[in-house]
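# Report on the structure
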Amino acid sequence: MDGLAFAACGLIFRTIMQTWNISTGRLVIRQGDITTLAFDAIVNAANTRLAGGGGVDGAIHQTAGIVELQTACQNIIKKNGTLPTGMAVITPGFGLPSHSIIHTVGPIWRDGKNDEPAKLGSAYAHSLKLAQAHAIGTIAFPAISCGAYGYPVEDAARIALSTLKQGLEANMVREISMVLHDDAAYDTWIAIAEEVL
Ligand code: AR6
């Protein structure tokens with residue numbers, strides 16, 4: 001495991017990125033805004049209608065270009081119907097620094113007895129499967145379902161990290177980043193990674 005730290009005012013040191021080598025690939029956990037970073041693809045925590053919304057979905061639409069991305073998403077919906085929870089589709093990245101966007105739908109957390117863990121694992125796994133089909137080398141995920149959809153963060157991190165580890169072990173992509181938006185989420189995901197990876 002490697003860490004990267006930065007200094008604020010020369011007084012506070014905070015680690016903002018850590019990496020793990022898994023098989024021939026890498027898993028990176030970093031703090032930041034996924035819309036400002038460049039990957040072959042970033043993953044969007046979308047809804048089944050691909051209708052845009054708040055959170056990371058809203059930020060991705062803003063930076064990609066609302067009209068272009070909405071048009072691409074609505075063309076997919078017209079052709080295939082709504083996107084079931086746990087499945088994934090791909091569009092161009094338009095104005096984003098990343099080349100493509102993989103849109104997936106995580107489960108809405110109810111009580112954990114409605115297949116939420118399997119559906120969350122499926123959202124990560126299907127995103128990786130689509131990435132592999134498109135020969136994507138580097139992919140970045142936000143914490144799917146951990147915002148508006150209310151999934152408990154530690155449970156979500158455990159499911160996500162074990163699914164991503166399996167993807168790297170199967171050489172589905174070369175590098176996977178988990179991009180956490182705030183300090184608390186980053187610290188939680190690092191703690192769970194120490195357990196799972
Ligand atoms: N970069 C990285 N992570 C972010 C960013 C960002 N720019 N912005 C927010 N997050 P959410 P969900 C984090 O609510 O729970 C939308 O309206 C955020 O802190 O975006 O899957 C969709 O249209 C949280 O940890 O997604 C759906 O209707 C994580 O991203 C619904 O919300 C996910 O939070 C999906 O809800």
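These numbers come from a predicted model, not from an experiment. (Residues numbered from 1 in each chain as written. Predicted model: local features only at pLDDT ≥ 70, side-chain atom pairs only at ≥ 80, totals over all residues. Heavy atoms only, no water.)

Put simply, the largest pocket is a space of about 640 Å³. Contributing elements (two or more residues each) for the lining of the largest pocket: helix H1 (55-64), strand S8 (175-180) and helix H5 (183-196). A total of 4 residues in the lining of the largest pocket trace back to one element, the largest contributor, which is H1. Of the residues assigned to the lining of the largest pocket, the class counts are 16 nonpolar, 11 polar and 3 charged. Space inside the second largest pocket adds up to approximately 170 Å³. Residues belonging to the lining of the second largest pocket are distributed by class as follows: 4 nonpolar, 4 polar and 3 charged. (1 Å grid on protein atoms, 1.4 Å probe; cavity = no way out; pocket = protein on both sides within 12 Å on 5 of 7 lines; lining within 4 Å. Points joined across faces, edges and corners; volume = space filled by probe spheres on them. Helix = DSSP H or I, 4+ residues; strand = E, 2+ residues; numbered from the N terminus. Nonpolar A, V, L, I, M, F, W, Y, C, P; charged D, E, K, R; others polar.)

We now examine the confidence of the model for the protein. Across the protein, pLDDT averages 95, with 93% of residues at or above 70. Confidence estimates for the predicted assembly give a pTM of 0.96 and an ipTM of 0.99. (pLDDT = per-residue confidence, 0-100.)

It is worth spelling out the site of the ligand at this point. Taken together, 22 residues lie around the ligand, and Asn-47, Val-56, Asp-57, Ser-145 and Ala-148 are the ones closest in. In this structure, Ile-34 approaches the ligand through a main-chain N or O atom, which is 3.0 Å from a nitrogen atom. Interatomic distance of 2.9 Å between a backbone N/O atom of Gly-147 and an oxygen atom of the ligand. Relative to its free-state accessible area of 710 Å², the ligand is covered by the protein chains to the extent of 87%. Among the cavities detected, the one that contains the ligand is the largest pocket. At 4 residues, the largest contribution of residues to the shell around the ligand is made by H1. Here the shell around the ligand is composed, by residue class, of 11 nonpolar, 9 polar and 2 charged. (Near = heavy atom within 4 Å. Polar contact = N/O pair within 3.5 Å; in protein donor to acceptor, adjacent residues only side chain to side chain. Areas by Shrake-Rupley, 256 points an atom, 1.4 Å probe, with all protein chains shown as cover. Sits in = over half its atoms within 2 Å of the grid points.)

On to the pattern of salt bridges, then. Summed over all chains, the structure comprises 4 salt bridges. For Arg-158, the salt bridge goes to Asp-155, with nearest N and O atoms at 3.8 Å. Within this pair, Arg-158 and its partner Asp-155 are both found in helix H4 (residues 153-169), separated by 3 residues, close to a single helical turn. Residue Arg-158 is classed as partly exposed on the basis of its relative accessible area of 31%. Given the relative accessible area of 35%, Asp-155 is considered partly exposed. Put simply, Glu-195 and Arg-158 hold a salt bridge, and the shortest N to O gap is 3.1 Å. In this pair, Glu-195 sits in helix H5 while Arg-158 sits in helix H4, placing the two residues 37 residues apart along the sequence. Using a relative accessible area of 52% as the deciding quantity, one classes Glu-195 as exposed. Each of Asp-155, Arg-158 and Glu-195 takes part in a single network of salt bridges with overlapping partners. (Salt bridge = Lys/Arg side-chain N within 4 Å of Asp/Glu carboxyl O. Buried < 20%, exposed > 50% of the residue type's maximum accessible area, 1.4 Å probe, protein only.)

We now examine the UniProt feature "domain: Macro" (unreviewed entry) in the protein. Feature annotation in UniProt assigns "domain: Macro" (unreviewed entry) to the following positions: residues 14-197. Helix makes up 40% of residues 14-197 and strand 22%. Its end C-alpha atoms lie 21 Å apart. (UniProt positions renumbered as here; feature names shortened; annotations may be inferred.)

The N-to-C vectors of helix H3 (residues 116-133) and H4 enclose an angle of 35°; their axes lie 9 Å apart at closest approach. In the packing of H3 onto H4, the handedness of the crossing is right-handed. Residue-level contacts link Pro-117, Leu-120, Gly-121, Tyr-124, Ala-125 and Leu-128 of H3 to Ala-156, Ile-159, Ala-160, Thr-163, Leu-164 and Gly-167 of H4. Taken together, the residues that form the contact of H3 with H4 break down as 9 nonpolar, 3 polar and no charged. (Axes fitted to C-alpha atoms, helices over the stretch in contact; angles between N-to-C directions. Left-handed = near helix turned anticlockwise from the far one by under 90°. Contact = heavy atoms within 4.5 Å.)

Let's shift gears to the nonpolar core. One finds Ile-29, Ile-139 and Phe-141 to be the most contacted residues of the largest nonpolar core, which totals 39 residues. Contact partners of Phe-141, with chain neighbours within four places excluded, come to Ile-34, Val-43, Tyr-124, Ser-127, Leu-128, Leu-164, Ile-176, Ser-177, Met-178 and Val-179. Residues Ala-46, Val-89, Leu-96 and Val-179 belong to the second largest nonpolar core, which totals 19 residues. (Core = buried A, V, L, I, M, F, W, Y, C linked by side-chain atoms within 4.5 Å.)

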